Amino acid sequence: MTLVDSLVRSPVRWNRPLLWLTVAAAVLALVSAVGIVADDRILTGVPIWLKPFKFAVSFVLYAWTLAWMLAVLPRRSRAAEWSGIVIVGVAVAELAIIVTQVARGTTSHYNVATPFDAILWSAMGTSIMVLFFAQVVIGVVTLRQRIPDRVAAYAIRLGLAVSLLGMALGFLMTSQVTDGGAIGAHSVGVEDGGPGMPITGWSTNGGDLRISHFVGLHALQALPLLAYAMGRWTGWVPRARARLMLILGCAYAVLVLLLTWQALRAQPLLQPDGPTLAALAALAAVTTVASIAVVRRTT
C-alpha cells in the first residue's frame, strides 16, 4: 500500500480514542472561535479565547495524524495503541486546564500567582512530559516495524522525530527567567504580551520560542503531506522520492534549529540579521543541490 492509498483508506483500524479526541478538539475550536468574537476580554495582548482555539486546532491535527500513522503500521502494536490512549488523556487534561484558566480570566502557562494556579501549571508540565514519552514509544514502534512504502516510512519516522524535537524545545520556554525574576516565558529580549503577528501572536519586537516549537511540532503533518504530494503529482520513482524525503526531513530539522537560534538571539522572525539570512541561504542551497542530484541520478 502506498502513502497515497493509506491517506484515503477506511479508518477501520484507526485508534478510536484518538479519533474521538479529534472530534472533541474540533468542537472546542468552534466554541473558542465563538469566544474570540463574543468575549471582549484581552489577556497578554490577545483575545482571551485565542489560546484554547490554537491548542484545540493543534490537537485536531495531532490526534488525527497519530491515528492515521498507527493505522498505516503493518501490524497493530499494543504499546503504540496504549500510548495513543495515554496521549488522549494528556490532551484532555491540557485542554481542560487551559479552558478552566480562561473561565477564571487568567493565564494557564507559567502562572504561579496562587497555589491553585501553581498546581495547574505543574500538572500541565507533568502531562507534557508524559505525552513526550508516549510519542517516543510510538516512534520506537514505527522504527521496529517494516513499513512497505519506503517514502511513507521516512515521512512517518522523520515526522515523529522532528516533532519530538519541537516538543523538547518547548522546555526552553519553561526555563527562561524574565526581567522581573519570573521563571517561564516564550518571548526573548522582550516581555510576553507585547506586539505580535496576527493570529499566531508571535512577537514582532523580539525573539519568540513558540515559532520553532510550532514548526517542529507540525513536521508530523508537513512531512507526510510532502511525501503525499510527491507521490501524487510527480513522476519520480519511489527510490528518488524516498531519498528526497530523507533530505527534506533532515533539512526541516535543521530549519527548526535555525529558528530556535534566531529566537534565542532576541530576533523577530521577519527581521533576520545577516548571520540568520546566511544560514538560511546555506540550508536552502545545500538542500536544493542535494535534491537535484538525487532526481537526476534516479530518474
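Parameters and conventions
- Residues numbered from 1 in each chain as written.
- Predicted model: local features only at pLDDT ≥ 70, side-chain atom pairs only at ≥ 80, totals over all residues.
- Heavy atoms only, no water.
- Helix = DSSP H or I, 4+ residues; strand = E, 2+ residues; numbered from the N terminus.
- Rg over C-alpha atoms; globule rule 2.2 N^0.38 Å.
- Buried < 20%, exposed > 50% of the residue type's maximum accessible area, 1.4 Å probe, protein only.
- Contact = heavy atoms within 4.5 Å.
- Areas by Shrake-Rupley, 256 points an atom, 1.4 Å probe, with all protein chains shown as cover.
- UniProt positions renumbered as here; feature names shortened; annotations may be inferred.
- Axes fitted to C-alpha atoms, helices over the stretch in contact; angles between N-to-C directions.
- Parallel < 35°, antiparallel > 145°, perpendicular 65-115°, else oblique.
- Left-handed = near helix turned anticlockwise from the far one by under 90°.
- Nonpolar A, V, L, I, M, F, W, Y, C, P; charged D, E, K, R; others polar.
- Patch = residues over 30% accessible without salt bridge, like charges linked within 9 Å, V, L, I, M, F, W, Y side chains within 5 Å.
- Salt bridge = Lys/Arg side-chain N within 4 Å of Asp/Glu carboxyl O.
- Lys, Arg positive; Asp, Glu negative; His and termini not counted.
- Charge placed at Lys NZ, Arg CZ, Asp CG, Glu CD.
- Polar contact = N/O pair within 3.5 Å; in protein donor to acceptor, adjacent residues only side chain to side chain.
- Expected span 1.5 Å × (residues − 1).
- Core = buried A, V, L, I, M, F, W, Y, C linked by side-chain atoms within 4.5 Å.
- Phe/Tyr/Trp six-rings, centres within 6.5 Å; stacked < 30°, edge-to-face > 60°.
- Lys NZ or Arg CZ within 6 Å of the ring centre and 35° of its normal.

(A) Examining the overall build of the protein more closely. Helix and strand counts for the protein stand at 10 helices and four strands. Starting at the N terminus, the α and β elements of the protein follow one another as α-α-β-β-α-α-α-α-β-β-α-α-α-α. The C-alpha atoms of the protein give 20 Å as radius of gyration, which agrees with the globular expectation for 299 residues (19 Å, within 12%). Counting only residues that meet the buried cut, the protein has 46% of its 299 residues in that class. Considering only intrachain contacts with a sequence separation of at least 6, the fraction spanning at least 24 residues in the protein is 69%. Accessible surface, the protein as shown: approximately 14,400 Å² in total, 70% of it carbon and sulfur.

(B) View of the UniProt feature "transmembrane region" (unreviewed entry) in the protein. According to UniProt, the "transmembrane region" (unreviewed entry) feature falls on residues 18-38, 53-73, 85-103, 118-142, 154-173, 211-230, 242-264 and 276-295. From the first C-alpha to the last, residues 154-173 spans 30 Å; its make-up is 100% helix and 0% strand. Overall, residues 276-295 shows 100% helix and 0% strand. The separation of its end C-alpha atoms is 29 Å.

(C) Looking closely at the packing of helix 3 (residues 50-72) against helix 5 (residues 115-144). Interhelical geometry of helix 3 versus helix 5 gives an angle of 25° and a closest axis separation of 12 Å. For the element pair helix 3 / helix 5, the angle class is roughly parallel. Crossing of helix 3 against helix 5: the hand is left-handed. For the pair helix 3 and helix 5, contact is made by Phe59, Tyr62, Leu66 and Leu70 and by Leu131, Gln135 and Ile138, respectively. Of the residues contributing to the contact of helix 3 with helix 5, the split by class is six nonpolar, one polar and no charged.

(D) Structural detail: a positive patch on the surface. A cluster of basic residues, Arg150, Arg239, Arg243 and Arg297, forms a positive patch at the surface. With respect to the helices, strands and loops of the structure, Arg243 is situated in helix 9 (residues 238-264). The exposure class of Arg243 is partly exposed, given its relative accessible area of 38%.

(E) Representation of the side chain of Ser187 in the model. In this fold, Ser187 is placed in strand 3 (residues 187-188). Within the structure, Ser187 has its side chain in polar contact with the side chain of His186 (distance 3.3 Å). Aside from chain neighbours lying at most four places away, what touches Ser187 is Gln176, Asp192, Ser203, Gly207 and Asp208.

(F) The arrangement of helix 8 (residues 219-233) in detail. Helix length check: helix 8 (15 residues) gives 20 Å between terminal C-alpha atoms against 21 Å at 1.5 Å per residue, within 8%. The complete set of buried residues in helix 8 reads Ala219, Leu220, Gln221, Leu223, Pro224, Ala227, Tyr228 and Met230.

(G) Expanded view of the nonpolar core. One finds Leu18, Tyr62, Leu66 and Ile87 to be the most contacted residues of the largest nonpolar core, which totals 37 residues. Listed by contribution, the elements that provide at least two residues to this core are helix 2 (16-38), helix 3, helix 4 (78-103), helix 5 and helix 6 (150-175). Ranked by residue count, the leading element in this core is helix 3, at 11 residues. Residues in contact with Ile87, not counting those within four places in the same chain, are Leu18, Tyr62, Leu66, Leu131, Ala134, Gln135 and Ile138. Core analysis: the second largest hydrophobic core is formed by 22 residues, Val151, Leu169, Ala242 and Leu259 among them.

(H) Up close: the packing of aromatic side chains. In total, this model carries six aromatic pairs according to the counting rule given. Measuring from centroid to centroid gives 5.2 Å for Tyr110 and Trp121, while their planes differ by 75°, and the two rings are edge-to-face. Here Trp121 lies in helix 5 and Tyr110 lies in the loop between helix 4 and helix 5, a separation of 11 residues in the sequence. Just as Tyr110 is buried, Trp121 falls in that class too. Seen in terms of ring centroids, Tyr228 and Trp233 are 6.0 Å apart; in terms of plane orientation they differ by 85°. Their pairing is edge-to-face. Its relative accessible area of 18% is what places Tyr228 among the buried residues. Over the ring of Trp261 we find Arg265, and its NZ or CZ is 3.8 Å from the ring centre.

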